[in-house]
Amino acid sequence: MNTVIRKQMSIHPDVMDMLNNQIGMEMKASAAYLAMASWCDQRELLNSKAFFYKQAEEEREHAMKIFKFVNDNGGAAISPNVTGVNNEFESLRSIFETGLEHEINVSESIFKIFKAARDNNDFITEVFMQWFVSEQSEEEDSFRAIIDLFDLMEGMPLKMIDERIPTE
């Protein structure tokens with residue numbers, strides 16, 4: 001007798017719902033960063049373009065990491081519907097400020113998932129989310145450093161500022 005045993009869900013159902021929401025948030029951030037990269041590309045801001053293409057890919061990787069985690073632990077990951085992505089921006093600085101706002105919102109969501117996992121004794125998810133807590137700290141720092149660059153180089157040509165945007 002062949003019996004297929006499906007792995008029991010090892011993550012708390014409420015936490016799984018939060019993780020599915022996080023997948024959507026990560027994919028929306030990826031789409032937003034693609035829009036930002038396109039805006040930069042149209043203005044030949046090459047380092048900023050490269051920065052945002054890299055950010056878009058990282059956010060997609062984050063979504064995939066969570067997606068696979070949910071399924072690997074007996075849950076049901078849901079592919080998100082991404083809508084409402086802004087493609088119009090005022091300035092390069094405003095793009096980086098918007099990026100920082102995205103990262104802060106993602107951090108707050110991750111902290112809520114981490115706390116919910118802890119409160120529900122969902123130790124597997126708590127440990128899994130630790131990587132994201134550390135990653136978000138780095139992401140926010142990166143955006144803050146670039147915004148500081150705008151303050152330090154106020155009045156300088158945009159191309160000179162762009163040349164100092166990290167691409168790695």
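Residues numbered from 1 in each chain as written. Predicted model: local features only at pLDDT ≥ 70, side-chain atom pairs only at ≥ 80, totals over all residues. Heavy atoms only, no water.

- Per an unreviewed UniProt entry, the protein carries the name Ferritin and comes from Neotamlana sedimentorum.
- Turning to the protein, the UniProt record has this under Catalytic activity (unreviewed entry): "4 Fe(2+) + O2 + 6 H2O = 4 iron(III) oxide-hydroxide + 12 H(+)".
- The UniProt entry for the protein carries the following comment under Function (unreviewed entry): "Iron-storage protein." (UniProt positions renumbered as here; feature names shortened; annotations may be inferred.)

**Describing the UniProt feature "binding site: Fe cation" (unreviewed entry) in the protein**
Right, on to step 1. Summarizing the sequence annotation, UniProt attributes the feature "binding site: Fe cation" (unreviewed entry) to Glu 26, Glu 59, His 62, Glu 103 and Gln 136 in the numbering used throughout. Sequence-wise these annotated residues cover 111 residues; spatially they are packed, their C-alpha atoms never more than 12.5 Å apart.
Right, on to step 2. When its relative accessible area of 1% is taken as the criterion, Glu 103 is described as buried.
Right, on to step 3. Not counting residues up to four positions away in its chain, the partners in contact with Glu 103 are Tyr 33, Gln 55, Glu 59, Gln 136, Glu 139, Glu 140 and Phe 143.
Right, on to step 4. Within polar-contact distance, the side chain of Glu 103 engages the side chain of Tyr 33 at 2.6 Å.
Right, on to step 5. Relative to the elements of secondary structure, Gln 136 occurs in helix H4 (residues 123-152).
Right, on to step 6. Excluding its chain neighbours within four sequence positions, the residues that come into contact with Gln 136 are Glu 103, Val 106, Ser 107 and Ile 110.
Right, on to step 7. A polar contact of 2.9 Å, which involves the side chain of Gln 136, links it to the side chain of Glu 103. (Buried < 20%, exposed > 50% of the residue type's maximum accessible area, 1.4 Å probe, protein only. Contact = heavy atoms within 4.5 Å. Polar contact = N/O pair within 3.5 Å; in protein donor to acceptor, adjacent residues only side chain to side chain. Helix = DSSP H or I, 4+ residues; strand = E, 2+ residues; numbered from the N terminus.)

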